[in-house]
Amino acid sequence: MKKSILALTAALAVSFAAGGALAAGDAEAGKAEFKKCAACHAVGEGATNRVGPVLNDVFGRVAGTFEGYKYSQAMVDAGAGGLVWTPETMAKFLHKPKDFVPGTKMSFAGLAKEDAIANIEAYLLTLSPNYVPEAPADGASSEASSAPAQ
């Protein structure tokens, strides 16, 4: 069992290095969809904080911790409570940011279409080349550990 988890982790790392993604979405469509986000968030080489933080390497990042960005206290508290950006947590946040992290200063209302969320996730995964998802311990669901602190 342990060998198969290690093999899966290695395969995922190779997939990311080759530009692959775990999200079921389309990274190219996500790049186009990301234009909605680009008014506030920058990505790519030389990206700097805007109204929102830089989203390079967002997956695997503890919420509220990007260097040099002034987050809402709610986002800092969510990160301190264990919120780490994964495709699962990002999907919930992008659907309704203020419901997922009450008190966030992100003013975006959210995305209703699951395919748009999946596409943006796929695109952001291409910008998070070092992200390797954690395998759930003992077959437990990762949902419990991905919920923000209340």
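In what follows, the structure referred to is the one given above.
Participant: For this particular structure, what's the right way to read the overall build of the protein?
Facilitator: When helices and strands are counted, the protein shows seven helices and zero strands. Each helix and strand of the protein, ordered N terminal to C terminal, gives the series α-α-α-α-α-α-α. Scored against the burial criterion, the 150 residues of the protein give a buried share of 37%. Counting contacts in the protein only where the partners sit at least 6 residues apart, residues at least 24 apart contribute 53% of the total. Entry remark: accessible area of the protein is about 8,700 Å², with carbon and sulfur atoms responsible for 58%.

Participant: Is there a simple way to think about the layout of surface pockets in this case?
Facilitator: Here the idea is plain: a probe the size of a water molecule rolls over the atoms and shows the empty space left. Considered as a void within the structure, the second largest pocket measures approximately 480 Å³ in volume. Lining the second largest pocket are 25 residues, with His 41, Gly 52, Pro 53, Phe 93 and Met 106 sitting closest to its centre. Of all the secondary-structure elements, those providing two or more residues to the lining of the second largest pocket are helix 4 (87-95) and helix 6 (114-126). With three residues, the top contributor of residues to the lining of the second largest pocket is helix 4.

Participant: What exactly am I supposed to notice about unusual backbone geometry here?
Facilitator: Residues other than glycine predominantly adopt negative phi, and peptide bonds predominantly adopt the trans conformation. In the Ramachandran plot, Asp 57 falls in the positive-phi region, its phi being about 55 degrees despite a non-glycine side chain. Along the polypeptide, Asp 57 turns up in the loop between helix 2 (27-33) and helix 3 (73-80).

Participant: I keep staring at helix 4 and nothing clicks. Help me out?
Facilitator: Along an α-helix, a turn takes 3.6 residues, which lines up residues three or four apart on a common side. All of the buried residues along helix 4 are Pro 87, Thr 89, Met 90, Phe 93 and Leu 94. Each buried residue of helix 4 lies within a common arc of 160 degrees when the element is viewed along its axis, so the set occupies one face.

Participant: Just to check I follow, could you spell out the packing of helix 4 against helix 6 for this structure?
Facilitator: Each pair of packed helices can be described by the angle between their axes along with the distance between the axes. It is at 10 Å that the axes of helix 4 and helix 6 come closest, and there the two elements cross at 130 degrees. Between helix 4 and helix 6, the angle is such that the two are oblique. Like other packed secondary-structure pairs, helix 4 and helix 6 cross with a definite hand, here right-handed. Contacts from Pro 87, Met 90, Ala 91, Leu 94 and His 95 in helix 4 reach Ile 117, Ile 120, Glu 121 and Leu 125 in helix 6. Broken down by class, the residue content of the contact of helix 4 with helix 6 amounts to seven nonpolar, one polar and one charged.

Participant: I tried to follow the packing of aromatic side chains on my own but got confused; where do I start?
Facilitator: Aromatic rings considered in pairs are described by the distance between their centres and by the relative angle of their planes. Evaluated as defined, the whole model comprises four aromatic pairs. Ring centres of Trp 85 and Phe 93 lie 5.1 Å apart, and the angle between their planes is 55 degrees; on these two criteria the pair is classed as tilted.

Participant: Where do I start with the environment of Lys 92 in this structure?
Facilitator: Note on placement: Lys 92 falls in helix 4. C-alpha separation for the pair Lys 92 and Leu 111, spaced 19 residues apart in sequence, amounts to 9.7 Å.

Participant: Whenever I open this one, the nonpolar core confuses me. Can you help?
Facilitator: The nonpolar side chains of a soluble globular protein tend to be buried, and buried together. Trp 85, Phe 93, Val 101 and Leu 124 are the most contacted members of the largest nonpolar core, which has 27 residues in total. Taken together, the elements giving at least two residues each to this core come down to helix 3, helix 4 and helix 6. Ranked by the residues each element gives to this core, the list is headed by helix 6, at five residues. Among residues more than four places away in sequence, those in contact with Leu 124 are Phe 34, Val 43, Leu 55, Val 58 and Phe 59.

Participant: Sorry, what's going on with helix 6 here?
Facilitator: Here helix 6 spans 19 Å end to end across 13 residues, near enough to the 18 Å set by a 1.5 Å rise per residue. Burial within helix 6 is extensive, with ten of its 13 residues counted as buried. When helix 6 is considered as a whole, its buried residues turn out to be Ala 116, Ile 117, Ala 118, Asn 119, Ile 120, Glu 121, Ala 122, Tyr 123, Leu 124 and Leu 125.

Procedures and definitions
Throughout this document, residue positions are counted from 1 along each chain, in the order its sequence is written. Totals for whole chains, interfaces and linings use all residues, but because this is a predicted model, local features are given only for residues with pLDDT of at least 70 and pairs of side-chain atoms are given and counted only at 80 or more. With hydrogens and water set aside, each side-chain value is computed from the structure's full complement of heavy atoms. Numbered from the N terminus, helices here are DSSP runs of H or I no shorter than four residues, and strands are runs of E no shorter than two. Only protein chains enter the area calculation, which uses a 1.4 Å probe; residues under 20% of their type maximum are buried, those over 50% are exposed, and those in between are partly exposed. Note on contacts: a residue pair qualifies if any of its non-hydrogen atoms lie within 4.5 Å across the two residues. Computed with the Shrake-Rupley method and a 1.4 Å probe, the accessible areas treat only the protein chains shown as cover for residues. Residues are called lining when one of their atoms sits within 4 Å of a cavity or pocket point, these points coming from a 1 Å grid over the protein atoms alone, where a cavity is a set in which a 1.4 Å probe fits but cannot get out and a pocket is an open set with protein on both sides within 12 Å along at least five of seven lines. Grid points are joined across faces, edges and corners, and a volume is the space filled by probe spheres set on the points. The arc refers to the directions leading from the helix axis to the C-beta atoms. The axes are straight lines fitted to the C-alpha atoms, using for helices just the contacting stretch, and the angles between their N-to-C directions are given from 0 to 180°. By definition in this entry, angles of less than 35 degrees are roughly parallel, angles greater than 145 are roughly antiparallel, angles of 65 to 115 are roughly perpendicular, and the rest are oblique. By convention, the crossing between two helices is left-handed when the near helix turns anticlockwise from the far helix through less than a right angle, and right-handed when the turn is clockwise. Side-chain classes follow a simple rule in which Ala, Val, Leu, Ile, Met, Phe, Trp, Tyr, Cys and Pro form the nonpolar group, Asp, Glu, Lys and Arg form the charged group, and the remainder, Gly included, forms the polar group. Pairing of aromatic rings covers Phe, Tyr and Trp, the last counted by its six-membered ring, and requires centre-to-centre distances within 6.5 Å; plane angles under 30 degrees mean stacked, over 60 mean edge-to-face, and any other angle means tilted. Only buried Ala, Val, Leu, Ile, Met, Phe, Trp, Tyr and Cys residues count toward a nonpolar core, and they belong to the same one when joined by side-chain atoms within 4.5 Å. By this rule the span expected of a helix is its residue count minus one, scaled by 1.5 Å.

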